[in-house]
Structure formats: C-alpha cells, structure tokens
Amino acid sequence: MRDDSSRKNRASWLAGCALVAAACAAEAEPPFEPRYETERLRIGTSFEAEVCRGVMDVWEAQIDAIEAMLGISREYAWLYLYADDEWDAIGADCGREGELRGCYQDPVVRTTLEVATHEIVHAWTASARSKPLPLLQEGIAVRLQGTAQRTLKALSVEDLSAEVSWDQYPSAGHFVAWLIESYGVERFMELYVRSSRGMAPAAVSALFLDVLGSSSQDVMLDYSTHSKQYYPAAGALACGTAPRAVWQGDSAEWYVDGSCEAGGWYALEGYNGRERTTIELATEGRYVFETGGRPFGLMRCLTEPADEDELPELPWQVTHDDSVGPVPDSMVPLGEEDGALELPAGTYEIWVWRRDEAYEDWASPELRVRRL
C-alpha cells in the first residue's frame, strides 16, 4: 500500500504557502501605481482608455472560479494591462526576446485583455507551487481560461518533462482536463505541488505512480486511448456561465443593462461594449434573435465531454465554444424572420455588441429570442 501522508498534509501545506505569498506581497515595494483596485487585484494600464467595470468583474469571478476549483488562494496580485498591439512591450517587460502575449512574474501579471484570464490562473497557482512541471502549469491555465478543450497535437511521455511550446498549449489544456476528469482535482493538485520544472523522466514516472497509482507511461497510454476529443470550458468566461434569459412560452427576454462605468459590459472605453447572456434551448427548432439591430456572436456550449462525431452540426453563423476563444469574434446581423436559425437543443451564449462609443442605447434595451 502506498504512503498517503503527503495527501493528508496537502491542505495545511497549501494554506501555509498562501499565507507566505500574501505576506510577501504585502511587504514588497509596489511595482507600479495602481489605477484601479478590486478586492484581489491592483491594476495598472499602459494606455489612457478606461477599463470597464465589467472586465474587472470578470477577473474577480475568474479568481472565484480558481479558488473554488483548486482550493488555493492569495490575498491579491498586481495586474498590468497592455493594449492588444503591445506584444513587443510585454516581451521586453517580461524579460523575453520578441513578442509575448502575457506572463506572470511574481508579483505582477502582465497581459492583454485577450489572455488575462489565463495569466490570472498562473498568479494564483504560483501560491501553491511556483515552478511545477510546465505541462501541468500551462495546462491548468489553458483549462481555466474559458475555452472548451480539444486535442490538437498528440502528447508523449517525454512531453511530461519538457518545456511547453506555444503550439502545445491547447494539448496541455486538453490533457489537464482529462486528468482532472479521470482522477479528480485533489490528485491533480497533489501532482502539481509535488512536481518541479526539470524533473527527470524517471522521477516523473515515480511521482505519477505514487499519486495516481499508475506510471507516467501507463497514464499517457490511457490518455491517448480513452480521452474524449473535447472537454467543456471552465472559468469565469466559460460558455454558459453568463446570466440566463428567462423563458415565457415561446420566447425569452433580457435587457441591455449597465455601462462602462457601472458594469455589465466586457470592454475597454471607446470600444464597442459586449454583454453576455446564456440561453437554454429546450428543443430543436427555428429561432430568431431580436437584438434591436445590434450585431451579436452566438456560441453553442459544450456541457459534457464529447468526440467530434457527437457534436451537432450548426449553421455557419454559430460556433462551437472551442473555436474562437472565450469571446466570440463573429458578428451576426440577424433579427428578421427570414434570418431565423435552425438550431439543435442545448445551452448557448450570446454576446451582443453595442455600436456607439458613448455606450448610449439608440434602440430598445429589450432583447428577445423566439421559437418560430
């Protein structure tokens, strides 16, 4: 029988790490003058535009999701937000050559809006282990960034000990999704905190055997043989986590609420605001979306692990939630009856765009989906 003493002490060990990280953060010299403060973030920006309250609300919700899922916490972190075209500046500030989308270097998250939910995961998991196996480190950040996980590139036993290239990130997220689905969060976190960057393959195999009951070779064989091709998204931007529209008969209604300052919209000042809503379609049928002429992006949410042949066919205007990232980039100008969509039953998320930079509503704030 294997020794489970490390697992029994895991909770107290993680708590001690979190306390140490919080104390260090409190005593350190501030890395920049914060422009905004939320409960657990001190935020600066490289640009003048305002960060809308809805963005910061999503970041706080992301931290809630991380802490609830992984059982780790810290008092707060610093987050410096760059414009979408400042990849060179991020690379330089992170001490890397060339372009970079984001990094976490204690105590600062440096990121663009696109990858902020990913980099926040790194800041929080570092309070449990700062340099675990790279495949686990990047995999859990991809897992929680808000996109469904799909396998794109086969992983080998050797990949468990190696650095993770950019094109392997989706596969790392897929592997971690399968690992948690198969063994549970507690054993995943034990692997995480007991692993270290640069571990020899033999040490990795021994760790897997101790924690999971199987060698790394057997685990990877099981993964390649039995994993599903797709796993549902997780985190604050996961499809289906937005507020839900309420159905009455054959229609569901919701409202365009809030503002850049008050919240509700995921945007930076001066950009078209976008508001998320979850819509449950109980039956297959033809549906029309009445958005007052506002463009929108529509995604069908993956709610259970699935293979490609288990996914329903969708109209070209609708995406599966693994294909465009946590924020849909398609804009669909539908609204008339002849623009109805034939949709399978399921959970959907709609992102409605606001067209004017002043965030003033030029049409009715009421939005609706109807079954024809």
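Please read all numbers here as calculations on a predicted model, not as lab measurements.

**Student:** I'm lost on helix α5 (residues 116–125) in this one. Help?
**Tutor:** An α-helical turn contains 3.6 residues, so any two residues separated by three or four positions project in the same direction. Burial analysis of α5 places ten of its ten residues in the buried class, which makes it a mostly covered element. Within the span of α5, buried status applies to A116, T117, H118, E119, I120, V121, H122, A123, W124 and T125.

**Student:** What's the story with the environment of T38 in this structure? I'm lost.
**Tutor:** In this fold, T38 is placed in the loop between β1 (36–37) and β2 (41–45). The class of T38 is buried, set by a relative accessible area of 11%. Residue contacts for T38: discarding those within four places in its chain leaves I43, R53, M56 and E60. At 2.7 Å, the side chain of T38 forms a polar contact with the side chain of E60.

**Student:** Is there a simple way to explain the environment of S127 in this structure?
**Tutor:** Among the structural elements, S127 can be located in the loop between α5 and α6 (134–143). Take S127: its relative accessible area is 6%, and that puts it in the buried class. A distance of 3.5 Å separates a polar side-chain atom of S127 from the backbone oxygen of S73. In this structure the side chain of S127 is engaged in a polar contact, spanning 2.6 Å, whose partner is the backbone oxygen of W124.

**Student:** What exactly am I supposed to notice about the packing of aromatic side chains here?
**Tutor:** Geometry of an aromatic ring pair is reported as the spacing of the ring centres plus the angle between the planes. Throughout the structure, instances matching the rule amount to 13 aromatic pairs. Between Y80 and Y82 the ring centres are 5.1 Å apart and the planes differ by 75°, which places this aromatic pair in the edge-to-face class. Grouping residues by exposure puts Y80 and Y82 together as buried. Where W178 meets Y223, the ring centres are 5.2 Å apart and the plane angle is 55°; that geometry is what we call tilted. Pair noted here: W178 is in helix α7 (residues 169–183) and Y223 is in helix α10 (residues 216–226), with a separation of 45 residues, a long-range link. Overall, the relative accessible area of 3% leaves W178 in the buried class. For Y223, a relative accessible area of 4% puts it in the buried group.

Conventions we followed
- Residues numbered from 1 in each chain as written.
- Predicted model: local features only at pLDDT ≥ 70, side-chain atom pairs only at ≥ 80, totals over all residues.
- Heavy atoms only, no water.
- Buried < 20%, exposed > 50% of the residue type's maximum accessible area, 1.4 Å probe, protein only.
- Helix = DSSP H or I, 4+ residues; strand = E, 2+ residues; numbered from the N terminus.
- Contact = heavy atoms within 4.5 Å.
- Polar contact = N/O pair within 3.5 Å; in protein donor to acceptor, adjacent residues only side chain to side chain.
- Phe/Tyr/Trp six-rings, centres within 6.5 Å; stacked < 30°, edge-to-face > 60°.

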